[in-house]
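Tertiary structure, described
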Amino acid sequence: RCRDLIQRHLLPGVDRPSFALLHGILRVLSIQMASFATSVFFDCKTLKDLSVPTSVRSELVRALLATTNAFLARAVSAAKLRQRDQIVGSDREQAMSSVYQNMARWSDAPPMLLFHRFDRQTLSLVFRDMSKVQESFHNLFRSQQGNNRAWQLPDFQRMSTKDLEERLSRIVLPHGRTPGPAAEGSRYVVSPDNLLKMVWISLRVESRVPVIIMGETGCGKTSLVRHLAKLMGVEFDCLNIHAGISDDDIESFVGRCQAKAKEQEEVW
């Protein structure tokens, strides 16, 4: 009964969601809803004092549900397509094309509403293209500014690297943790596109949802994760895969990382 309710309201486009997907959805949503419940900015009394209709709370919940759905459902749909095509033995080229078309791409990421990890009070809207931001999102944030019609959402495309890094830190860093030092010799530049990628990755890690990043050799996958790990003060270990790597090498590397994770808070 619970699974049916979750599928109906959270995953309307996913057929027979797995336990892993349900677990991931609930993890992501529970973190955001817990933050919403404790946020003084969206308390009924605060909204009343600001002369903001309490219907804003309902709009925010719907937006958080949409963010959670977009965050997880599409990537899982691609995996289910791949599994189904393997079972029925369909044409490999056609099957791979279907999987590729349904993969979650950075460029397709919809605007996401997220509470900051730093204080669990402040809400941010993360987006790539201002033109794709729904008017309801504009109205939601404008309501917190006393319905000032002249107020505008910050445009990430116009922000400096320093401002983007500061905003990224507020969104992904847990309370009480300060940004870690940049990697030695690193000249990594945070762009609006990279900010979105790092927010996605950090939210998945926080929610204990597995992360797989795909891309051409040299496109910056490792550099991005290394920079995010440094920013979050997390140890980052990397194993370069090549023809000389054996099963034992991989098992040994994973074993060392597991041992480190037991001794300290987190290892990437």
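Residues numbered from 1 in each chain as written. Predicted model: local features only at pLDDT ≥ 70, side-chain atom pairs only at ≥ 80, totals over all residues. Heavy atoms only, no water.

**Some points on the overall build of the protein**
When helices and strands are tallied, the protein shows 10 helices and 2 strands. Ordered by position in the sequence, the α and β elements of the protein form the string α-α-α-α-α-β-β-α-α-α-α-α. A burial count over the protein gives 35% of its 268 residues as buried. In the protein, of all internal contacts separated by at least 6 residues, the share reaching a separation of at least 24 is 65%. Here the protein displays about 16,100 Å² of accessible surface, and carbon together with sulfur accounts for 52% of that area. (Helix = DSSP H or I, 4+ residues; strand = E, 2+ residues; numbered from the N terminus. Buried < 20%, exposed > 50% of the residue type's maximum accessible area, 1.4 Å probe, protein only. Contact = heavy atoms within 4.5 Å. Areas by Shrake-Rupley, 256 points an atom, 1.4 Å probe, with all protein chains shown as cover.)

**Structural notes on a nonpolar patch on the surface**
On the surface, Ile-241, Ile-250 and Val-254 cluster together into a nonpolar patch covering about 260 Å² of accessible area. Relative accessible area serves as the criterion here: at 36%, Ile-250 is assigned to the partly exposed category. (Patch = residues over 30% accessible without salt bridge, like charges linked within 9 Å, V, L, I, M, F, W, Y side chains within 5 Å. Salt bridge = Lys/Arg side-chain N within 4 Å of Asp/Glu carboxyl O.)

**A closer look at the packing of aromatic side chains**
What describes a pair of aromatic rings is the distance from one ring centre to the other and the angle between the planes of the rings. Scanning the entire structure with this criterion turns up 1 aromatic pair. Ring centres 6.4 Å apart and planes at 55° place the aromatic pair Phe-36 and Phe-42 in the tilted group. Phe-42 matches Phe-36 in its accessibility class, with the two residues each being buried. (Phe/Tyr/Trp six-rings, centres within 6.5 Å; stacked < 30°, edge-to-face > 60°.)

**Observations concerning the packing of helix H8 (residues 192–206) against helix H9 (residues 221–231)**
Where H8 contacts H9, the axes come no closer than 11 Å and their chain directions differ by 65°. If you check the angle between H8 and H9, you find them roughly perpendicular. Like other packed secondary-structure pairs, H8 and H9 cross with a definite hand, here right-handed. Each of Asn-194, Lys-197, Met-198, Ile-201 and Ser-202 in H8 lies in contact with H9, whose residues at this interface are Leu-224, Val-225, His-227 and Leu-228. The residue makeup of the contact of H8 with H9, split by class, is 5 nonpolar, 3 polar and 1 charged. (Axes fitted to C-alpha atoms, helices over the stretch in contact; angles between N-to-C directions. Parallel < 35°, antiparallel > 145°, perpendicular 65-115°, else oblique. Left-handed = near helix turned anticlockwise from the far one by under 90°. Nonpolar A, V, L, I, M, F, W, Y, C, P; charged D, E, K, R; others polar.)

**Things to note about the nonpolar core**
Judged by nonpolar contacts, the single largest core of 45 residues is most densely connected at Leu-60, Leu-113 and Val-199. When contributions to this core are tallied by element, the ones reaching two or more residues are helix H2 (19–38), helix H4 (55–88), strand E1 (112–115), strand E2 (123–126), helix H6 (135–143), helix H7 (161–172), H8 and H9. With 7 residues, H8 is the single largest residue contributor to this core. Not counting residues within four places of it along the chain, the set of residues in contact with Leu-113 comprises Gln-32, Leu-60, Ala-63, Leu-64, Thr-67, Leu-123, Ser-124, Leu-125, Phe-137, Leu-140 and Phe-141. Counting residues in each nonpolar core, the second largest holds 7 residues, with Leu-10, Leu-11, Leu-21 and Ile-25 among its members. (Core = buried A, V, L, I, M, F, W, Y, C linked by side-chain atoms within 4.5 Å.)

**Some points on the layout of surface pockets**
Considering only enclosed or pocket space, the second largest pocket measures out at about 940 Å³ in volume. Only H8 and H9 provide two or more residues apiece to the lining of the second largest pocket. For the lining of the second largest pocket, the class distribution of residues is 15 nonpolar, 2 polar and 8 charged. (1 Å grid on protein atoms, 1.4 Å probe; cavity = no way out; pocket = protein on both sides within 12 Å on 5 of 7 lines; lining within 4 Å. Points joined across faces, edges and corners; volume = space filled by probe spheres on them.)

**Examining the environment of Thr-122**
Within the secondary structure, Thr-122 sits in the loop between E1 and E2. A relative accessible area of 27% places Thr-122 in the partly exposed class. As a C-alpha pair, Thr-122 and Phe-42 span 80 residues in sequence and 9.7 Å in three-dimensional space. Discounting residues that sit within four places of it in the chain, Thr-122 has contacts with Phe-41, Leu-114, Phe-115 and His-116.

**A closer look at the packing of helix H1 (residues 2–10) against H2**
Where H1 contacts H2, the two axes come as close as 11 Å, and the packing angle between them is 65°. When the axis of H1 is compared with that of H2, the two are roughly perpendicular. Judged by the twist between their axes, the crossing of H1 over H2 is left-handed. Along the contact surface, H1 presents Arg-3, Ile-6 and Leu-10, while H2 presents Leu-22, Ile-25, Leu-26 and Leu-29. The class makeup of the residues in the contact of H1 with H2 is 6 nonpolar, no polar and 1 charged.

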